[in-house]
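The lines below spell out each chain.
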Amino acid sequence: MLSDKAKGYIIGALGAASYGTNPLFALPLYAEGMTPNSVLFFRYLLAIPLMGLMLLFRRGSDQFKINGKQGILLFVMGILMAVSSLTLFLSYTYMDAGIASTLLFVYPIMVALIMALGFHEKITIATSLCIVMALTGIAMLFKKTDGTTLSVTGAVLVMMSSLSYAVYIVGVNQSKLRYMPTLKVIFYVLLFGLTVFIVKILYGNTFTLPQSVLSWVCLIGLAVLPTAVSFLCTTSAIQLIGPTPTAILGALEPVTAVLIGVLLFGETVTPRVLLGMILILLAVSLVVGGGNVHRKILHIHRLFPRKRQK
């Protein structure tokens, strides 16, 4: 039987890799003329019933109930997640998605600083070294081979996405939401986050409909992998191992994005990029290996809370 810490590391890695599939589904939708706001509107809209059905099956209809204080916290977390998603997807229109995904990784530093300055969490030497190693790898992925300069607008958008995501991670861990069933947290985060895109649709001219079967396939893919699976796994990992290890495991996000670019979009892997990926994976391995994690991990027995017997 795996310990909670072992489960947290595995689930955190799965959530990070799932989130790294954003470009896989978003870029074909952009190519067909859909706007970032429209893509995210359908992404959240399709993910909400999926999470609702999972919550209903696992916990029962009475588990949808929340009180006023919980509602306020969930609303704030939903807005933060929506802002993070929107700014990241907007950045894809200003720079390569792989580069944007690598820049997003500064959020572990933001999480660590927020926890250290705001909650007096001690940053160990081992954690600091892993952060430095991972950031070194990210820097090697970040530098463009043709010497061109990144878009300032795109970089600012990614930094906004990173900060919003960091605050979300800390917010879940440092509030009573950490004791709430993960499915319920994600369901309401998506539900309240959807309001951001509805407001933008009502007060802007950025709404576009899917134009093909491929568009719907990509939208469903976005709703499942980088939304439902990623958010669920990330929130579970936060509750099991805390925000800082979960954030560092997020190094797998840009690695996944780069691999997708190489395998599906014809991007070239240079020796520098390969070394950067190795450094990131090594940093993640050291974080996992630094704890009391069982060496022979076979499978995850439970991902969702058990359904209570009546």
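Sequence order as written defines the numbering, with residues in each chain counted from 1. Note on the predicted model: pLDDT of at least 70 is required for a residue's local features to be given, and 80 or more for side-chain atom pairs to be given and counted; whole-chain, interface and lining totals, by contrast, use all residues. Only hydrogens and water are set aside when side-chain values are computed; all heavy atoms of the structure are taken into account.

### Looking at the overall build of the protein
Summing up its helical and strand segments, the protein has 13 helices and zero strands in all. Burial analysis of the protein (310 residues in total) assigns 52% to the buried set. For the protein, the exposed surface amounts to about 14500 Å²; the carbon and sulfur share of it is 68%. Helix numbering and strand numbering both begin at the N terminus, where a helix is a DSSP run of H or I of at least 4 residues and a strand a DSSP run of E of at least 2. Only protein chains enter the accessibility calculation, which uses a 1.4 Å probe; a residue whose area is less than 20% of its type maximum is buried, one above 50% is exposed, and one in between is partly exposed. Note on areas: these come from Shrake-Rupley sampling with a 1.4 Å probe, and a residue is covered only by the protein chains present in the view.

### Some thoughts on the confidence of the model for the protein
Each residue carries a pLDDT score, the predictor's confidence in it, ranging from 0 to 100. Overall, the prediction assigns the protein a mean pLDDT of 82, with 87% of residues at 70 or greater. Should any heavy atoms of two residues lie within 4.5 Å, those residues are counted as being in contact. Within the model, the stretch residues 291-310 combines pLDDT values under 50 with 33 contacts to residues more than four positions away or in other chains.

### Brief notes about the packing of helix H2 (residues 22-31) against helix H10 (residues 213-241)
Lines fitted to C-alpha atoms define the axes, with helix axes restricted to the stretch in contact, and inter-axis angles between N-to-C directions lie between 0 and 180 degrees. Closest axis-to-axis distance for the H2/H10 pair is 9 Å, and the angle between their directions is 155°. On the basis of their axis angle, the class for H2 and H10 is roughly antiparallel. As H2 packs across H10, the resulting crossing turns out to be left-handed. Across the interface between the two elements, Asn22, Phe25, Pro28 and Leu29 of H2 pack against Ser215, Cys218, Leu219, Gly221, Leu222, Leu225 and Pro226 of H10. Classes in brief: Ala, Val, Leu, Ile, Met, Phe, Trp, Tyr, Cys and Pro nonpolar; Asp, Glu, Lys and Arg charged; the others, Gly included, polar. Tallied by class, residues from the contact of H2 with H10 come to eight nonpolar, three polar and no charged. In these notes the angle categories are as follows: under 35 degrees is roughly parallel, over 145 is roughly antiparallel, 65 to 115 is roughly perpendicular, and the rest is oblique. For any helix crossing, the convention is left-handed if the near helix is rotated counterclockwise from the far helix by under a right angle, and right-handed if that rotation is clockwise.

### So, the nonpolar core
Membership of the largest hydrophobic core comes to 63 residues, with the highest contact counts inside it found for Phe89 and Tyr168. Taken together, the elements giving at least two residues each to this core come down to H2, helix H3 (36-59), helix H4 (68-91), helix H5 (97-103), helix H6 (107-119), helix H8 (152-173), helix H9 (182-202) and H10. Per-element tally for this core: the top contributor is H9, with eleven residues. Among residues more than four places away in sequence, those in contact with Tyr168 are Met77, Leu80, Met81, Ile186, Val189 and Thr235. To define a nonpolar core, start from buried Ala, Val, Leu, Ile, Met, Phe, Trp, Tyr and Cys residues and group those joined through side-chain atoms within 4.5 Å. By size, the runner-up hydrophobic cluster in this structure holds 14 residues, among which are Ala134, Leu249, Val273 and Val284.

### Brief notes about a nonpolar patch on the surface
Like charges within 9 Å and nonpolar side chains (Val, Leu, Ile, Met, Phe, Trp, Tyr) within 5 Å are joined into patches, using only residues over 30% in relative accessible area that form no salt bridge. Criterion for a salt bridge: a side-chain nitrogen of Lys or Arg within 4 Å of a carboxyl oxygen of Asp or Glu. A surface patch of nonpolar side chains, amounting to about 280 Å² of accessible area, comprises Leu50, Ile220, Val224 and Leu225. At three residues, H10 tops the list of elements feeding residues into the nonpolar patch. Counting through the fold element by element, Val224 comes out in helix H10. The class for Val224 is partly exposed, based on a relative accessible area of 34%.

### Some details on the packing of aromatic side chains
Pairs were defined over the aromatic rings of Phe, Tyr and Trp, the Trp ring being its six-membered one, requiring ring centres within 6.5 Å. Orientation was assigned from the angle between planes: stacked under 30 degrees, edge-to-face over 60, tilted for the rest. This model, assessed by the stated rule, comprises twelve aromatic pairs. Here the aromatic rings of Tyr165 and Tyr168 are separated by 6.3 Å at their centres, their planes lie at 10°, and the arrangement is stacked. With Tyr165 and Tyr168 both in helix H8 and three residues apart, the pair spans about one turn of that helix. Summarising the burial analysis for this pair, Tyr165 and Tyr168 share the class buried. Clustering of aromatic rings is evident, with ring pairs tying together Phe64, Phe75, Phe187, Tyr188 and Phe192.

### Re the environment of Met115
Relative to the helices and strands, Met115 resides in helix H6. By relative accessible area, Met115 is classed as buried at 2%. Linking Met115 and Thr244, residues 129 residues apart in sequence, is a C-alpha distance of 8.1 Å. Once residues within four sequence positions are removed from consideration, Met115 is found in contact with His120, Glu121, Val170, Asn173, Gln174, Pro243 and Thr244.

### Examining H2
The buried fraction of H2 is high, at seven of ten residues. Those residues of H2 lying buried are Asn22, Pro23, Phe25, Ala26, Pro28, Leu29 and Tyr30. Of the residues flanking the end of H2, it is Gly33, one or two places downstream, whose phi is positive at about 100°.

### What about the side chain of Ser84?
Relative to the assigned elements, Ser84 resides in helix H4. If near-sequence neighbours (up to four positions away) are discounted, Ser84 is found in contact with Ser161, Ser164 and Tyr165.

### Section: helix H12 (residues 252-265)
Note on helix geometry: an α-helix contains 3.6 residues per turn, so any two residues three or four positions apart are oriented the same way. With 14 residues, H12 ought to run about 20 Å at 1.5 Å a step, and its terminal C-alpha atoms sit 19 Å apart, in line with that. Along H12, the residues that are buried comprise Leu252, Glu253, Pro254, Val255, Thr256, Ala257, Val258, Ile260 and Gly261. Two residues or fewer past H12, Gly266 is found with a positive phi of approximately 75°. To estimate how far a helix should extend, the number of its residues minus one is multiplied by 1.5 Å.

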